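Listed below are the residues making up each chain.
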Amino acid sequence: MSWRIDKQANGKFAIYSTRIDDYIVIDADELEIAQIYAEKGVKVYLASARAQMTTRMTPVSAEGETKIEASRQRGATPSEGRVPIGVTGFFTGDEGTG
């Protein structure tokens, strides 16, 4: 089940839900679509984080604890850098794109 963004005949955007086989958002502009997806993304990441901290919690290995101590000594954790986001053409770490 997923969402799909379609362009309407009037130039506006609509979000189609395969779950209910209907449009759940109509007549939206690009900013509205971005806000809706940002809110959805936050909810998904928060749910994932909560699950990882409770039902799917894993302890840090001895090797991991060594890496954590090295970060403490450096005063900072390493950065993942610029990473592609699927085939979107966007990258994490780019201003305004994630």
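First, a word on scope: everything that follows refers to the structure included in this document. This is a predicted model, so every value here is computed, not measured.

So, about the sheet that holds strand E1 (residues 3–7). Strand pairing within a sheet occurs via backbone hydrogen bonds; the two strands may be parallel or antiparallel. One open sheet holds the three strands; their spatial order is E1-E2-E3, and the pairing between them is antiparallel. Edge positions in the open sheet fall to E1 and strand E3 (22–28), since each of these has one partner strand only. Strand-to-strand twist in this sheet, taken as the mean axis angle between neighbours without regard to direction, amounts to 20 degrees. In this structure, strand E2 (residues 13–17) lies alongside E3, joined through four bridges in antiparallel fashion. Looking at E3, one finds that Phe 13 is bridged to Ala 28.

Attention now goes to helix H1 (residues 30–53). The end-to-end C-alpha distance of H1 is 34 Å, a good match for the 34 Å that 24 residues give at a rise of 1.5 Å each. At the N-terminal end of H1, a side-chain oxygen is found 3.2 Å from the backbone nitrogen of Leu 31, two or three residues along, and the residue is Asp 29.

Here we take up the pairing of E2. By the criterion of burial, E2 is predominantly enclosed, with five of the five residues buried. Side-chain alternation along E2 places Phe 13, Ile 15 and Ser 17 on one buried face and Ala 14 and Tyr 16 on a second face that is also buried. Judged from the five bridges that link them, E1 and E2 form a sheet pairing that is antiparallel. Across the sheet, the residue bridging to Trp 3 is Ser 17, located in E2. Where E2 hands over to E3, the hairpin turn is made up of four residues, of which Asp 21 adopts a positive phi near 55 degrees.

Thresholds, definitions, all that
- Residues numbered from 1 in each chain as written.
- Predicted model: local features only at pLDDT ≥ 70, side-chain atom pairs only at ≥ 80, totals over all residues.
- Heavy atoms only, no water.
- Pairing = 2+ DSSP bridges.
- Helix = DSSP H or I, 4+ residues; strand = E, 2+ residues; numbered from the N terminus.
- Axes fitted to C-alpha atoms, helices over the stretch in contact; angles between N-to-C directions.
- Expected span 1.5 Å × (residues − 1).
- Polar contact = N/O pair within 3.5 Å; in protein donor to acceptor, adjacent residues only side chain to side chain.
- Buried < 20%, exposed > 50% of the residue type's maximum accessible area, 1.4 Å probe, protein only.

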